[in-house]
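Residues per chain, in single letters:
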Amino acid sequence: MKVSLNVTGGPLPYGEHGQIDVADLPDDLARRVTASLRPTNMRKAISAQRELPLPDEQVYELVVTDPSGKKGQARYVFAESQAAPDLIDLVDELRQAVTDQQSRQVQAATTAPDPGGPSESQSLANAP
């Protein structure tokens, strides 16, 4: 199962977006995400009364995708004030996991040597 997270609004003028495979999460968090993001649990965690978000309120969009394609996907959009505190806490943990994953990917991309290019020592040896 993959979860796409999109966060907009809030006091800062930018949003956050990312995707993570639940299999990449720590076991405890993966179990809680799998249980919490079931449609029946999400209906309970999100208020049925939809109102416009408050000016500095964050709005969350979660898209849950079953990689096998058998169950399709589910999409949930809710403002902070519409969600149960436990759901907001879980989304914050997911948000941190997505940010950590993105940081690791950037770090790996910037520290990995170019396999096709010459090393620095070879470039210096060939310099006139």
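That block above? That's the structure.
Residues numbered from 1 in each chain as written. Predicted model: local features only at pLDDT ≥ 70, side-chain atom pairs only at ≥ 80, totals over all residues. Heavy atoms only, no water.

Colleague: Tell me about the overall build of the chain, and please be specific about residues and values.
Modeller: Helix and strand counts for the chain come out as four helices and four strands. The order of α-helices and β-strands along the chain, N terminus first, is β-β-α-α-β-β-α-α. Here the chain holds 128 residues, and the buried ones make up 30% of them. Excluding contacts between residues fewer than 6 apart, the proportion of contacts in the chain whose partners are at least 24 apart in sequence is 59%. With the model as given, the accessible surface of the chain reaches about 8700 Å², and the carbon-plus-sulfur share is 53%. (Helix = DSSP H or I, 4+ residues; strand = E, 2+ residues; numbered from the N terminus. Buried < 20%, exposed > 50% of the residue type's maximum accessible area, 1.4 Å probe, protein only. Contact = heavy atoms within 4.5 Å. Areas by Shrake-Rupley, 256 points an atom, 1.4 Å probe, with all protein chains shown as cover.)

Colleague: Just give me the short version of the nonpolar core, but keep the residues and values in it.
Modeller: By size, the foremost hydrophobic cluster in this structure holds 26 residues, and its most contacted members are Leu-25, Val-33, Met-42, Leu-62, Phe-78 and Leu-87. Counting residues per element, the ones that place at least two in this core are β1 (2-9), α1 (27-36), α2 (39-45), β3 (58-65), β4 (73-79) and α3 (85-111). Among the elements that take part in this core, α3 stands out by supplying seven residues, more than any other. For Leu-87, the residues in contact, after removing those within four places along its chain, are Met-42, Ala-45, Ile-46 and Phe-78. (Core = buried A, V, L, I, M, F, W, Y, C linked by side-chain atoms within 4.5 Å.)

Colleague: Tell me about the pattern of salt bridges, and name the residues and values.
Modeller: A complete count under the given rule lists five salt bridges for this structure. We note a salt bridge from Glu-61 to Arg-75, for which the minimum N-O separation is 2.6 Å. Taken as a pair, Glu-61 in strand β3 and Arg-75 in strand β4 lie far apart in primary sequence, 14 residues in all. A relative accessible area of 22% places Glu-61 in the partly exposed class. One salt-bridge network, in which partners are shared between bridges, spans Glu-16, Asp-92 and Arg-95. (Salt bridge = Lys/Arg side-chain N within 4 Å of Asp/Glu carboxyl O.)

Colleague: Which residues make up the pairing of β3, and what are the values?
Modeller: Among the eight residues that make up β3, six are buried, leaving the element largely enclosed by the rest of the structure. Looking at chain direction, β1 and β3 are connected through eight bridges and run antiparallel. By the bridge assignment, Val-3 is partnered in β3 with Val-64. In this structure, β3 lies alongside β4, joined through seven bridges in antiparallel fashion. What sits directly across from Val-63, in β4, is Arg-75. (Pairing = 2+ DSSP bridges.)

Colleague: Give a description of the side chain of Glu-57 that names residues and reports values.
Modeller: Turning to its location among the elements, Glu-57 is positioned in the loop between α2 and β3. Taking relative accessible area as the criterion, Glu-57 reaches 7% and is therefore assigned buried. Within the structure, the side chain of Glu-57 is placed 3.5 Å from the backbone nitrogen of Glu-80, a separation counted as a polar contact. A polar side-chain atom of Glu-57 sits 2.4 Å from the main-chain amide nitrogen of Ser-81. Every residue in contact with Glu-57, bar those within four places of it in the chain, is listed here: Thr-8, Gly-9, Gly-10, Ala-79, Glu-80 and Ser-81. (Polar contact = N/O pair within 3.5 Å; in protein donor to acceptor, adjacent residues only side chain to side chain.)

Colleague: Requested: an account of the sheet that holds β4, with residues and values cited.
Modeller: With respect to topology, four strands assemble into an open sheet ordered β2-β1-β3-β4, the strand pairing being antiparallel. Strands at the two margins of the open sheet, each flanked by one partner only, are β2 (16-21) and β4. Averaged over neighbouring strand pairs, the angle between their axes works out to 10 degrees when direction is ignored. Helix-sheet contacts for α3 involve β1, β2, β3 and β4, and the interaxial angle to β2 is about 85 degrees. (Axes fitted to C-alpha atoms, helices over the stretch in contact; angles between N-to-C directions.)

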